[in-house]
Amino acid sequence: MKKHGLTKILAVILLVVVLLSWVVKGRADAVAPIALGDVVMNYFQSFYYFDVMLFILVVGGFYGLLEHVDGYKNLISKIANGAKKKKLVVFIITIVFALLSSLAGLNLILLIFIPFAISLVIALGYDKIVALFSTVGAVTVGIIGGIFTTIKISSSYYGVSYTTYSELVGLENKWAALIPNIILFVLALIILIVFLNLRMNKVQDQDEEVEEKEEKKITKKEEIKEEVKVVKEETKAPKKETKTTKTTDTKNKKNTTSKKKAPAKSTKKTTKKNLSAAKKDDTIVIKKDKKGRTLPLIIMMLVLLVLLVLGYLPWNSLFGISVFDNFHTWLTEIKIGDYALFTSIISSNITAFGNWANLGSTYIIAMLLIVVITIIIKFVYKIKFNDIFDYYAEGMKKTLPAILLIMLAYTVLVCTYNNGFMETIISSASDALGDNPVINALIAIVGSVLNVDIQYVSQGIFAPIVNALPDTANLKVYAVLFQGIYGLVQIIGPTSILMITCLSISDVSYKDWFKNIWKFVLILLLAVFAAAIIAGLM
């Protein structure tokens, strides 16, 4: 991260939070200043969210390993070199990430695949901004227009309940805002593709300009060389032209006769040598292909993706599908004597598909799957365990700057949520302005930046706003508005975990990202308000 720009911004936000705690009443209906010592303690308290940081470390280590796997390198090069329509590949990547985020509710979990997509887009000849647009931008579009998006609300450490944004605002029908969400998703995706296409055209134009400049430089150098040769030839006076012409004629005759006498067998020998050399080269290439096979890696990544979708999409609570719960109950009850096979041998904590976030951490099983794939890669590609540890260490080091920033973002969360001054601001705004979607949207933006995690945003910001609304308020409007606002903050908010991580691993400064994304975010904000108006009219 260049010049620690994002660190400074987060420090300023934290300072603003501390100052607000000295002025605005907190949750106890009294001013409760946050002392500097409490800020330091809250920074270390951010380790409470270590599961998120550990997940990012594991993903970084996994790609540290993949960078040393020939199959991974070959996969990227084959796709990049074999793609005739490079733009189409980028568009497909974008649409896939957006659909996975919107339909499966996978957000930060998709970080497992984002580094691969970023490397592929760069290999196609585009810059890092295009790569981030097609990954981070696509995931956040899926959040903004989430069709099957749910919010995980903790009922206990190991128990959670899932609710849609419609249920969160108090609507009985969980699909009350489905049509406006679909409209918003399609509209946001179209806007993203338009901006992405403009950026790709800009990159291509820049590349063409660079090539033209290089060609001009080369032609200028060649022209200068030719001019120097001409000057040198003109300075030399011609002497004894008749003799030189005779000698050149005799030399040419000798050369022609020598060429005629050259034996034809030499060409056969050279061709045989070339064929044998080519065969040797082919055998070397085949050996490299065996070591760098791409098919096993493709299968592993696809199976991982399918398992993540099946595991994290709440089938029962969202759709009423209980087949996975029933199968899990049947599987765990299989016994030999008094011992249950699955719980005794594999695990007693792994839950059914659709309930993987019910453990103490949302990311435990995802990390477990990465470890399993790492072991498979070790045997398929014949990598030593010592090398795996070294490669993981290299990859994890690259994520450390992101981890430090994420700890600072969670410090902002702890200070804000524990103090509760945002609830006072919400109640004051509601008393003064009543049902005002624009003001409430601005409060939701600030609250989403300060609270980072959707659980705390929903409990500390969205719920108080809804509770302060009059009975005449149209709750569909707020269901669409809250979902869209939270998604927007994830693409540009300085506390966004997804954005911080991807900017860090891509070595893109927040300043450069903001400069290229703000127009897109502004148009998306207008799209969110348009969808909220449509929801209000339905």
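As the structure is a prediction and not an experimental result, all values here were calculated from the model.

Analysis parameters
- Residues numbered from 1 in each chain as written.
- Predicted model: local features only at pLDDT ≥ 70, side-chain atom pairs only at ≥ 80, totals over all residues.
- Heavy atoms only, no water.
- Helix = DSSP H or I, 4+ residues; strand = E, 2+ residues; numbered from the N terminus.
- Buried < 20%, exposed > 50% of the residue type's maximum accessible area, 1.4 Å probe, protein only.
- Contact = heavy atoms within 4.5 Å.
- Areas by Shrake-Rupley, 256 points an atom, 1.4 Å probe, with all protein chains shown as cover.
- Core = buried A, V, L, I, M, F, W, Y, C linked by side-chain atoms within 4.5 Å.
- Patch = residues over 30% accessible without salt bridge, like charges linked within 9 Å, V, L, I, M, F, W, Y side chains within 5 Å.
- Salt bridge = Lys/Arg side-chain N within 4 Å of Asp/Glu carboxyl O.
- Phe/Tyr/Trp six-rings, centres within 6.5 Å; stacked < 30°, edge-to-face > 60°.
- Lys NZ or Arg CZ within 6 Å of the ring centre and 35° of its normal.
- Axes fitted to C-alpha atoms, helices over the stretch in contact; angles between N-to-C directions.
- Parallel < 35°, antiparallel > 145°, perpendicular 65-115°, else oblique.
- Left-handed = near helix turned anticlockwise from the far one by under 90°.
- Nonpolar A, V, L, I, M, F, W, Y, C, P; charged D, E, K, R; others polar.
- Polar contact = N/O pair within 3.5 Å; in protein donor to acceptor, adjacent residues only side chain to side chain.
- Expected span 1.5 Å × (residues − 1).
- pLDDT = per-residue confidence, 0-100.

## Describing the overall build of the protein chain
Next, step 1: The helix and strand tally for the protein chain stands at 23 helices and 4 strands.
Next, step 2: Per-residue burial for the protein chain yields a buried fraction of 45% across its 538 residues.
Next, step 3: Taking the intrachain contacts of the protein chain between residues at least 6 apart in sequence as the baseline, contacts between residues at least 24 apart amount to 81%.
Next, step 4: Per element, the accessible surface of the protein chain, about 28,900 Å² overall, is 64% carbon and sulfur.

## Let's talk about the nonpolar core
Next, step 1: The biggest cluster of nonpolar side chains holds 159 residues, and the ones touching the most others in it are F55, I112, L308, I377, F462 and F520.
Next, step 2: Ranked by residue count, the leading element in this core is helix α17 (residues 385-419), at 15 residues.
Next, step 3: With sequence-adjacent residues up to four places away left out, I112 is seen in contact with F55, V59, Y63, L304, L308, A366 and I370.

## Quick word on unusual backbone geometry
Next, step 1: We note that D29 has phi near 60 degrees; this positive angle belongs to a residue other than glycine.
Next, step 2: On the secondary structure map, D29 appears in the loop between α1 (5-23) and α2 (36-45).
Next, step 3: For D507, which is not a glycine, the phi torsion comes out positive at approximately 60 degrees.
Next, step 4: For D507, a relative accessible area of 40% translates into the label partly exposed.

## Looking at a nonpolar patch on the surface
Next, step 1: Residues V40, F44, F47, F50 and L54 make up a contiguous nonpolar surface patch of about 450 Å² in total accessible area.
Next, step 2: Tracing the backbone shows F50 in helix α3 (residues 50-66).

## Points about the packing of aromatic side chains
Next, step 1: As enumerated under the stated definition, the model contains 26 aromatic pairs in all.
Next, step 2: A ring pair is formed by Y63 and Y72, whose centres lie 6.1 Å apart and whose planes are at 70 degrees; its orientation type is edge-to-face.
Next, step 3: Looking at Y63, the relative accessible area reads 6%, which means it is buried.
Next, step 4: Residue Y72 is classed as buried on the basis of its relative accessible area, which comes to 6%.
Next, step 5: Ring centres of F148 and F319 lie 5.0 Å apart, and the angle between their planes is 85 degrees; on these two criteria the pair is classed as edge-to-face. Separated by 171 residues along the polypeptide, F148 in the loop between α7 (128-144) and β1 (151-154) and F319 in helix α13 (residues 315-319) bring together distant segments of the chain.
Next, step 6: Judged by its relative accessible area of 32%, F319 falls in the partly exposed class.
Next, step 7: If you follow K378 out to its NZ or CZ, it ends over the ring of F385, 4.9 Å from the centre.

## Considering the packing of helix α16 (residues 364-380) against α17
Next, step 1: One way to put it is that α16 packs onto α17 with a least axis distance of 11 Å and a crossing angle of 135 degrees. Viewed along their axes, α16 and α17 adopt a mutual orientation that is oblique. For the pair α16 and α17, the crossing hand works out as right-handed. Contacts from I370, T374 and K378 in α16 reach F385, I388 and Y392 in α17.
Next, step 2: Residue composition of the contact of α16 with α17, grouped by class: 4 nonpolar, 1 polar and 1 charged.

## Comments concerning the packing of helix α20 (residues 454-468) against helix α21 (residues 475-492)
Next, step 1: The N-to-C vectors of α20 and α21 enclose an angle of 150 degrees; their axes lie 12 Å apart at closest approach. Like other packed secondary-structure pairs, α20 and α21 cross with a definite hand, here right-handed. Packed against α20, whose contacting residues are I454, V457, F462, I465 and V466, the element α21 presents L475, F482 and Y486 at the interface.
Next, step 2: The residue makeup of the contact of α20 with α21, split by class, is 8 nonpolar, no polar and no charged.

## Some points on the pattern of salt bridges
Next, step 1: Under the criterion given, the structure shown has 4 salt bridges.
Next, step 2: D127 is the salt-bridge partner of R199, the closest N and O atoms lying 2.4 Å from each other. Here R199, found in helix α9 (residues 178-235), pairs with D127, found in the loop between α6 (114-123) and α7; they are 72 residues apart in sequence, far enough to count as distant. Accessibility assignment for this pair places R199 and D127 in one class, buried.
Next, step 3: When the shortest N-O distance is used, the salt bridge between K515 and D512 registers 3.9 Å. In this pair, K515 and D512 are both assigned in helix α23 (residues 510-537), 3 residues apart and thus about one turn of the helix distant.

## Topic: the environment of T332
Next, step 1: Its location among the elements puts T332 in helix α14 (residues 323-332).
Next, step 2: Spatially, the C-alpha atom of T332 lies 9.3 Å from that of S344, the residues being 12 residues apart in sequence.
Next, step 3: Leave out the neighbours within four places in its chain, and T332 touches A340, F342 and T343.
Next, step 4: Looking at T332, its side chain comes within polar contact range of the main-chain oxygen of H328, at 2.9 Å.
Next, step 5: Looking at T332, its side chain comes within polar contact range of the main-chain oxygen of T329, at 3.1 Å.

## Comments concerning the environment of I505
Next, step 1: Considering the arrangement of structural elements, one finds I505 in helix α22 (residues 497-506).
Next, step 2: Overall, the relative accessible area of 34% leaves I505 in the partly exposed class.
Next, step 3: Sequence-wise, I505 and K398 are 107 residues apart; in three dimensions their C-alpha atoms are separated by 6.6 Å.
Next, step 4: With residues up to four places along the chain from it excluded, the contact list for I505 reads P115 and T399.

## Details of helix α4 (residues 70-82)
Next, step 1: Taking 1.5 Å of rise per residue, the 13 residues of α4 would be expected to cover 18 Å, and the 17 Å separating its terminal C-alpha atoms lies within 8% of that figure.
Next, step 2: Those residues of α4 hidden inside the fold are in contact with α3, α5 (86-103), α6 and α12 (295-312).

## What to know about the confidence of the model for the protein chain
Next, step 1: In the predicted model, the protein chain carries a mean pLDDT of 84, and the fraction of residues at 70 or more is 82%.
Next, step 2: Note on residues 239-287: pLDDT is under 50 here. Beyond four places in sequence and across chains, it has 1 contact.

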